Amino acid sequence: MESYNYFATVYDRMMDNIPYEEWEQYILQLLYVGGVAPDAKITEIGCGTGMMTGMLADEGFSMTGIDLSESMLKMAKAKRNDINYINMDMRDIHLSEKQDVIFSVGDSMNYLLTIDDLSKTMKSARDNLKKNGLLIFDLKTEHFFKSQLDKYTFKEDLKDFSYVWKNSYDENKHIHYYYLWFKHITKDGIKRETEIHKQRAFFAKDIKEAALMAGFSHACAYDAFTFDKPKMQSERIYIVLRNN
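Residues numbered from 1 in each chain as written. Predicted model: local features only at pLDDT ≥ 70, side-chain atom pairs only at ≥ 80, totals over all residues. Heavy atoms only, no water.

Asker: Which residues make up the pattern of salt bridges, and what are the values?
Answerer: Scanning the entire structure with this criterion turns up 16 salt bridges. A salt bridge links Asp89 to Arg91, with the nearest nitrogen and oxygen atoms 2.7 Å apart. Between Asp150 and Lys151 there is a salt bridge, with its nearest N and O atoms 3.0 Å apart. When its relative accessible area of 16% is taken as the criterion, Asp150 is described as buried. (Salt bridge = Lys/Arg side-chain N within 4 Å of Asp/Glu carboxyl O. Buried < 20%, exposed > 50% of the residue type's maximum accessible area, 1.4 Å probe, protein only.)

Asker: Account for helix α2 (residues 20-33), with residues named and values stated.
Answerer: Between its first and last C-alpha, α2 extends 20 Å over 14 residues, near the 20 Å set by a 1.5 Å rise per residue. Listing the buried residues of α2 in full gives Tyr20, Trp23, Glu24, Tyr26, Ile27, Leu30 and Leu31. Seen from one end, α2 has its buried residues packed into an arc of 165°, which puts them on one side. Away from the buried face of α2 by more than 90 degrees, exposed residues Glu21, Tyr32 and Val33 are located. Of the residues one or two after α2, Gly35 is the one with positive phi, at around 75°. (Helix = DSSP H or I, 4+ residues; strand = E, 2+ residues; numbered from the N terminus. Expected span 1.5 Å × (residues − 1). Arc of directions from axis to C-beta.)

Asker: Can you tell me about the pairing of strand β9 (residues 189-200), naming the residues and giving the values?
Answerer: Both strand β8 (residues 175-186) and β9 contribute to a ladder of 12 bridges, which runs antiparallel. In the strand pairing of β9, Ile185 is matched with Ile190. Remark: two residues form the turn of the hairpin made by β8 and β9, two consecutive strands paired antiparallel. (Pairing = 2+ DSSP bridges.)

Asker: Any details on the side chain of Asn243? Residues and values, ideally.
Answerer: Within the secondary structure, Asn243 sits in the segment after β11 (236-242). Taking the relative accessible area as the measure of exposure, Asn243 reaches 8% and is therefore buried. Of note is the side chain of Asn243, whose polar atom sits 3.5 Å from the backbone oxygen of Leu129. Each residue touching Asn243, except ones within four places of it in the same chain, is listed here: Arg126, Leu129, Lys130, Lys131, Asn132, Gly133 and Phe216. (Polar contact = N/O pair within 3.5 Å; in protein donor to acceptor, adjacent residues only side chain to side chain. Contact = heavy atoms within 4.5 Å.)

Asker: Can you lay out the nonpolar core for me, pointing to particular residues and giving the numbers?
Answerer: If you look at the biggest cluster of nonpolar residues, it comprises 49 residues, and the most contacted ones within it are Phe7, Met14, Ile27, Phe103, Ile136 and Phe182. Residues within four places of Met14 in sequence aside, it is in contact with Phe7, Phe161, Tyr163, Trp165, Leu180 and Phe182. Core analysis: the second largest hydrophobic core is formed by 26 residues, Ile93, Leu118, Leu135 and Ile207 among them. (Core = buried A, V, L, I, M, F, W, Y, C linked by side-chain atoms within 4.5 Å.)

Asker: Requested: an account of the sheet that holds strand β7 (residues 161-170), with residues and values cited.
Answerer: Whenever strands of a sheet pair, they do so through backbone hydrogen bonds, lying parallel or antiparallel. Spatially, four strands are ordered β6-β7-β8-β9 in an open sheet, and the strand pairing comes out antiparallel. Both outer strands of the open sheet, β6 (153-157) and β9, are each paired with one neighbouring strand and no more. Ignoring which end each strand starts from, the neighbouring axes of this sheet average 10° apart. The pairing of β7 with β8 spans 10 bridges and is antiparallel. Across the sheet, residue Phe161 finds its bridge partner in β8, namely His184. (Axes fitted to C-alpha atoms, helices over the stretch in contact; angles between N-to-C directions.)

Asker: Outline the packing of helix α5 (residues 115-127) against helix α7 (residues 204-214), supporting the account with residue identities and numerical values.
Answerer: Two elements in contact, α5 and α7, have axes separated by 8 Å at closest approach and are oriented at 45°. In this view, α5 runs oblique relative to α7, as classed from their interaxial angle. Here the hand of the crossing between α5 and α7 comes out right-handed. Residues Ile115, Asp116, Leu118, Ser119, Met122, Lys123 and Arg126 of α5 pack against Asp206, Ile207, Glu209, Ala210, Ala211, Met213 and Ala214 of α7. Residue composition of the contact of α5 with α7, grouped by class: eight nonpolar, one polar and five charged. (Parallel < 35°, antiparallel > 145°, perpendicular 65-115°, else oblique. Left-handed = near helix turned anticlockwise from the far one by under 90°. Nonpolar A, V, L, I, M, F, W, Y, C, P; charged D, E, K, R; others polar.)

Asker: Any details on the packing of aromatic side chains? Residues and values, ideally.
Answerer: Overall, the coordinates contain 18 aromatic pairs when judged by the stated rule. Between Tyr6 and Phe161, the aromatic rings sit 6.5 Å apart at their centres with planes inclined by 75°, giving edge-to-face as the arrangement. Remark: Phe161 occurs in strand β7 and Tyr6 occurs in helix α1 (residues 6-14); sequence separation between them is 155 residues. Measuring from ring centre to ring centre gives 6.4 Å for Tyr179 and Trp181, while their planes differ by 25°; the resulting arrangement is stacked. (Phe/Tyr/Trp six-rings, centres within 6.5 Å; stacked < 30°, edge-to-face > 60°.)

Below is the structure:
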């Protein structure tokens, strides 16, 4: 699952179009509707460079961030030292105390490539949640992979580094492949890096199967940034599971 190496060092610059403020406001709405206290203990899984973890810490929540990529965590820790960042696999979470909320945004859960891994992550989160705690996560949909990414190539030159980003979706395996080529300038000259990332498209039946296997019995699914039901054309969905 760990894919972020050189990409981690330039992630924030490449993803400067991500609407983090919109994401945060939506998460805050979900927390409010879910009855989460303003001083709740919250853990973000797949926290990456810590953007959302930091924003929620500024809202007053007691935050922890976990990620499998040490490179991403290094970037997160460089931003601030008042958040507990832990190198950990989301499929095997071990926290020192139960959490009110465990959440994941930015399609980190799409990096789980099997229903079994999705269920393991849900079960691992559930084991670390308080009674009535919430597991919240988003997923890119197959519609998004096919309509917005498949066969598209993105290029950008940011002076000290440039990249080529090619995309391919395998409809039979439901796996999307990101092929990344980087060229960056160092004190020793030009260096080149290559990374391949894979994400899985999950369907409603997959999510339901995984949730039931993990022991969840209550769930809500939303078209991203709304409280509407997901549609065939939904590009991102949010799942909210309660540990009853």
